[in-house]
Amino acid sequence: MFAVHYGLQYFVFFRDSEFHRNDDFQDIVLTVSSTRQKLEGYTGVQKVLDLNIIGVYVTCFFIGLLHFYKAMNVKIEILARHIDLPVDTLDRWIRQGRIPINKIGDNCVFNENTLAKWAAAHDIRFDISGLNTSGKDKKTREIKNEEPLVYAMQRGGVLHDIEGKDVSAVIRSAVDRFSFLSPEDRESLYGQLIDRENLMSTGIGNGVAIPHPRTPMADIINAATIITCFLKHPVDFHAVDDQPVFIMFIMLSHSTKTHLHLLSRLTFILRNNSFIGFLRQMPKQELFLDEIARLEQQLGFIKI
Amino acid sequence: MARVGNDKMKIFWILRHPGTWKIFRFDDRLMLIIFGAITGMTSGLAAVILNRSLLAMLNTVHDYRHFWWAFLLPASGAALSSLFLNKVVKESPGHGVPEVIYSVHRHGGLLRFRSSFSRLISCCLTIGSGGSAGPEAPVVMSGSAIGSNIAKFFSLNDRQRISLVGCGAAGAISSIFNAPVAGFVFSMEVILGQWSAVNIIPVAIASVAGTEISRLLQGNQIVFSHRGFEIGFVEITASIGLAVIAAMISVFLTRFIGTVHNASQRISAPKWCRAAIGGAAVGLIGLYMPVVLGEGYHAIHSMIESQFTPGLVIVIIACIAKIAATSLTLGSGGSGGIFAPSLVIGSFAGLAYHRFLMVLFPSLDWVNEGCFALLGMAGLISGMLQAPLTGIFLIVEITGGYEVMLPLIIVSAISTTASHYIEPASFYLKDLVGKGWLLPPGTDGRVLSDLSVKELLETDCIAVPQNLLLRDFIPVVAQSNRNYFPVEDSVTGRYLGMIHIDDIRPYLFNPGMYDAVILDQIKNSDMDTVSLSDDLLSVLDKMDAKGMYSIPVVENHRFLGLISKATLLDQYRKELRVQTTAK
């Protein structure tokens, strides 16, 4: 009778238990209480013996404990990359018993909590939360930093016939045509661009200017953007070679690193005199972007 | 479980890898306690076996002691033991405790399986035939080897293996002296060298297990039981003098063993011949002074019981004779420990001191002479091992006398301090310290010896061929994260030299040089290199000598990577934290 009772309880408990997904003992306790209610419903018995319930609690506690100390099983090379240790060092530490990890073949078996506790005790910082996604994040972020110029230009687009007779006027009329920004953002962007121009001209010579804000604009944009603006009339930008500027690349980036990367690429391409000649013809957007992509490919910036 | 082929073998695999069991994975203390108990029992058993076989051997040999050729007995015993160690099991002579300590410090407690019986047999031959040595150290060696091999069988890691080696040593000492606390303290103080929380419990359990085995098979008897002593202020004061004398004797004994060892090394004869000569000398001493032969427990017994009748001069001569016999036995290559001889010499010294005091102050009411024999033992053990606690607890337990505690503490403490003052390393550690092999965890030497060149290797250097133009080199420089560029032969891939970015700086802003210079002309080919097998200490010495911050690693004329001090600092700190932070 007793055994049947137990058996029924465990059966119900395991069928309905949800702690496969829960880490917390609290949740297990909750599951047990709901089991008890369900059991009362199934058997029609109003009062299940307290002893039985204690049995369930104790069993659940141990199951939960084992579950809590659930093992992770990861290849040693992957774990070493996440802990930021050389594979040989990790291997030696496991061998010497300095780190709570077991090795089975080439795999490391360990418990995440124990390892985290150990790391905290030894002041060794690492992040193993990404272990399940096998560390692809880091790589994609790197690629994002090294994005080709043409993508940023595609996002910004090409504007023709920018009106204006001096620096502030052309920047004003260019910024006014940035339909992807709200009026307030446009105003603040304009202020920042003018600040930068007052500091020193962004005219880099050969009739090209690259106006940009001094600080990254991560709050306004979420990806680096270059807006190519062909001016209606060449304007004196106080450029280094005093040539009037006919084209502006307004560069908005969300991080300094991206900014420097794009700036370096852009200036590299602009050293090409035939490209300057091409720009003076004020090409249409498609033609312009094709040419940029072709040049980047030629220089090996984009891998085909 | 990747390696496991079929299900039948799987169960064996799991049984042999308890470290991977779920309940041990997050805390292995329970597992260590279980294995510690097993180790303690096994090594206790080994101690009992040695004890029994020694007794049998001594009884057999005793019948021949009165013949004139009896001095050949220790000679043949020592020769046989030396032959057995050198030819049969191919192990180094001596008692083995330094090897255990060395292995604990450097190799994670790895010991050979044969060590678990080899010293037992050789020391049985040496001591049983009359050589002056103790059976304790060989038993410690075999207990430790048993622990180490149990750990090896169950694929435990180094830390756990070291614990089990300590367990083995503790079980052995506990069993042979029927002294659980002494075994425990000896293991922590001498073998493991540090009182870490993870080791204390399994080692304590092992000494209990070892003692129980001994009591089960041999009965619970106190080795040197005696009547109670009345200790007064006079005795406590007098014990200070005894402590100083004990310290002097222990330093003298340590040095004399070394001297005899060096002298015997100079004899151009096979090792077993040297051992035979030493044994014969011991035998000759034994013809006139039979008390020096064997481990000498019988003599201790009679001294503590105040039944040792000879006068002051004879006792001093016996003490010197025992020192000589021990030095000859151990120095010439006989196998055995220093424990028992120290006890014998110590009790001789205590006895002599007592008789000397009696002559000096005949009017004072001195305590029984056995008490001073006992204090002398503690003084000599503490002085030899430089382990005061071991001395105190061992004597308290093997004599069953708590009333001598006060002078015992004084003698042990002073003797340890005094002998440490003259001889900074104890008898066991002397060789290891001399060779620079003693590396406790958390020290600079240990961190550097644990880290290897391979772990610090930085491989993200871009190799360039030797006939590259400077113009073509500049884009390579732009791509690289490093300031060093190895130059390799374009055909064979041989390492030719290094280029540092400083080497090209003068030409960098002079485009006229771009096509005029090839890397072969700029490269620095006499830069020091190291190989993968070099140990880090020598690598650092090399770098410091030339003031380098990076050094290339070259193996078989191939460039493998760089070692830089920046990365080294990073790894060094991590290693230090891992080694020193308590669990």
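Please refer to the structure placed before this passage.
So, a few notes on the structure that sits alongside this text. (Residues numbered from 1 in each chain as written. Chains lettered and ligands numbered in written order. Predicted model: local features only at pLDDT ≥ 70, side-chain atom pairs only at ≥ 80, totals over all residues. Heavy atoms only, no water.)

### Quick word on the state of the cysteines
Line of reasoning, step 1. Per the counting criterion, the structure on display carries zero disulfides over all chains.
Line of reasoning, step 2. Distance from the sulfur of Cys124 of chain B, which forms no disulfide, to the nearest cysteine sulfur (Cys123 of chain B) is 6.3 Å. (Disulfide = S-S within 2.5 Å.)

### Brief notes about the interface of chain A and chain B
Many structure descriptions define interface size as the accessible area lost when the parts assemble.
Line of reasoning, step 1. On the side of chain B, 24 residues touch chain A, which itself brings 27 residues to the contact.
Line of reasoning, step 2. Broken down residue by residue, the surface that chain A buries against chain B is led by Arg98, Ile104 and His122 of chain A, which jointly contribute 23%.
Line of reasoning, step 3. In this assembly, chain A and chain B are joined by six salt bridges.
Line of reasoning, step 4. Here Asp450 of chain B makes a salt bridge to Arg92 of chain A, at a shortest N to O gap of 4.0 Å.
Line of reasoning, step 5. Applying the counting criterion to the chain A and chain B interface returns 13 residue pairs in polar contact (both at pLDDT 80 or more).
Line of reasoning, step 6. Every element with two or more residues in the side of chain A that touches chain B is listed here: α5 (87-96), β2 (101-104), β3 (107-111) and α6 (112-121) of chain A.
Line of reasoning, step 7. Per element, the largest residue contribution to the side of chain A that touches chain B is seven residues, and it comes from α5 of chain A. (Contact = heavy atoms within 4.5 Å. Buried area = accessible area lost by both parts, 1.4 Å probe. Salt bridge = Lys/Arg side-chain N within 4 Å of Asp/Glu carboxyl O. Polar contact = N/O pair within 3.5 Å; in protein donor to acceptor, adjacent residues only side chain to side chain. Helix = DSSP H or I, 4+ residues; strand = E, 2+ residues; numbered from the N terminus.)

### Considerations on the sheet that holds strand β5 (residues 203-205) of chain A
All names here are of chain A.
Line of reasoning, step 1. Taking strand neighbours across the sheet as the criterion, the five strands line up as β4-β7-β8-β6-β5 in an open arrangement whose pairing is mixed. The sheet is open, and its two edges are formed by β4 (158-162) and β5, each paired on a single side.
Line of reasoning, step 2. In this structure, strand β7 (residues 225-235) lies alongside strand β8 (residues 245-252), joined through seven bridges in antiparallel fashion. Its bridge partner being in β8, Thr228 is matched across the sheet by Phe249. (Pairing = 2+ DSSP bridges.)

### Remarks on a positive patch on the surface
All names here are of chain B.
Line of reasoning, step 1. Taken together, the side chains of Lys87, Lys90, Arg114 and Lys271 present a region of like positive charge at the surface.
Line of reasoning, step 2. Inspection of the secondary structure puts Lys87 in helix α4 (residues 72-88).
Line of reasoning, step 3. On the basis of relative accessibility, which here comes to 57%, the residue Lys87 falls in the exposed class. (Patch = residues over 30% accessible without salt bridge, like charges linked within 9 Å, V, L, I, M, F, W, Y side chains within 5 Å. Areas by Shrake-Rupley, 256 points an atom, 1.4 Å probe, with all protein chains shown as cover. Lys, Arg positive; Asp, Glu negative; His and termini not counted. Charge placed at Lys NZ, Arg CZ, Asp CG, Glu CD. Buried < 20%, exposed > 50% of the residue type's maximum accessible area, 1.4 Å probe, protein only.)

### Details of empty space enclosed by the protein
All names here are of chain B.
Line of reasoning, step 1. Scanning the model with the defined rule gives two cavities of 30 Å³ or more in all.
Line of reasoning, step 2. By volume, the largest cavity is sized at about 40 Å³.
Line of reasoning, step 3. Lining the largest cavity, in full, are Ser250, Val251, Thr254, Gly383, Met384, Gln386, Ser419, Glu423, Ala425, Ser426 and Phe427.
Line of reasoning, step 4. At the level of elements, α11 (233-266) and α16 (369-385) are the ones that each hand at least two residues to the lining of the largest cavity.
Line of reasoning, step 5. At three residues, α11 tops the list of elements feeding residues into the lining of the largest cavity.
Line of reasoning, step 6. Class assignment of the residues belonging to the lining of the largest cavity gives a composition of four nonpolar, six polar and one charged. (1 Å grid on protein atoms, 1.4 Å probe; cavity = no way out; pocket = protein on both sides within 12 Å on 5 of 7 lines; lining within 4 Å. Points joined across faces, edges and corners; volume = space filled by probe spheres on them. Nonpolar A, V, L, I, M, F, W, Y, C, P; charged D, E, K, R; others polar.)

### Thoughts on a nonpolar patch on the surface
Line of reasoning, step 1. Taken together, Tyr64, Phe67, Trp68, Trp69 and Leu72 of chain B make up a surface patch of nonpolar side chains, about 550 Å² in accessible area.
Line of reasoning, step 2. Within the element layout of this structure, Phe67 of chain B appears in the loop between α3 (29-62) and α4.

### Here we look at the pattern of salt bridges
Line of reasoning, step 1. Summed over all chains, the structure comprises 22 salt bridges over all chains.
Line of reasoning, step 2. One network of salt bridges, with partners in common, ties together Arg92 and Arg98 of chain A together with Arg446, Asp450, Glu455 and Glu575 of chain B.

### Re the environment of Glu189 of chain B
All names here are of chain B.
Line of reasoning, step 1. Assignment of secondary structure puts Glu189 in helix α9 (residues 180-192).
Line of reasoning, step 2. Classification of Glu189 by relative accessible area gives partly exposed; the value is 21%.
Line of reasoning, step 3. As a C-alpha pair, Glu189 and Leu385 span 196 residues in sequence and 9.4 Å in three-dimensional space.
Line of reasoning, step 4. Excluding its chain neighbours within four sequence positions, the residues that come into contact with Glu189 are Ala387, Pro388, Leu389 and Thr390.
Line of reasoning, step 5. Within the local environment of Glu189, its side chain forms a polar contact with the backbone nitrogen of Leu389, the two atoms lying 3.3 Å apart.

### Let's talk about the sheet that holds strand β1 (residues 71-75) of chain A
Residue and element names in this part refer to chain A.
Line of reasoning, step 1. Across the sheet, which stays open at both edges, the three strands sit in the order β1-β3-β2 with antiparallel pairing between neighbours. Whereas interior strands pair on both sides, the edge strands pair on one side only; in this sheet they are β1 and β2. Neighbour to neighbour, the strand axes of the sheet diverge by 30 degrees on average, direction disregarded.
Line of reasoning, step 2. Relative to β3, β1 is paired through five bridges, and the arrangement is antiparallel. Bridging across to β3, Met72 finds its partner in Phe110.
Line of reasoning, step 3. Those strands touched by α6 are β1, β2 and β3, and its axis lies near 80 degrees from that of β3. (Axes fitted to C-alpha atoms, helices over the stretch in contact; angles between N-to-C directions.)

### With respect to the packing of α11 of chain B against helix α15 (residues 339-360) of chain B
Residue and element names in this part refer to chain B.
Line of reasoning, step 1. Taken N-terminus to C-terminus, the directions of α11 and α15 make an angle of 140 degrees; their axes are 10 Å apart at the nearest point. Considering their axes alone, α11 and α15 lie oblique with respect to each other. In this structure, the crossing between α11 and α15 has a hand that is right-handed. Across from Ala238, Gly241, Leu242, Ile245, Ile249 and Leu253 in α11, the residues of α15 making contact are Ile345, Ala349, Gly350, Tyr353 and Leu357.
Line of reasoning, step 2. Considering only residue class, the contact of α11 with α15 consists of nine nonpolar, two polar and no charged. (Parallel < 35°, antiparallel > 145°, perpendicular 65-115°, else oblique. Left-handed = near helix turned anticlockwise from the far one by under 90°.)

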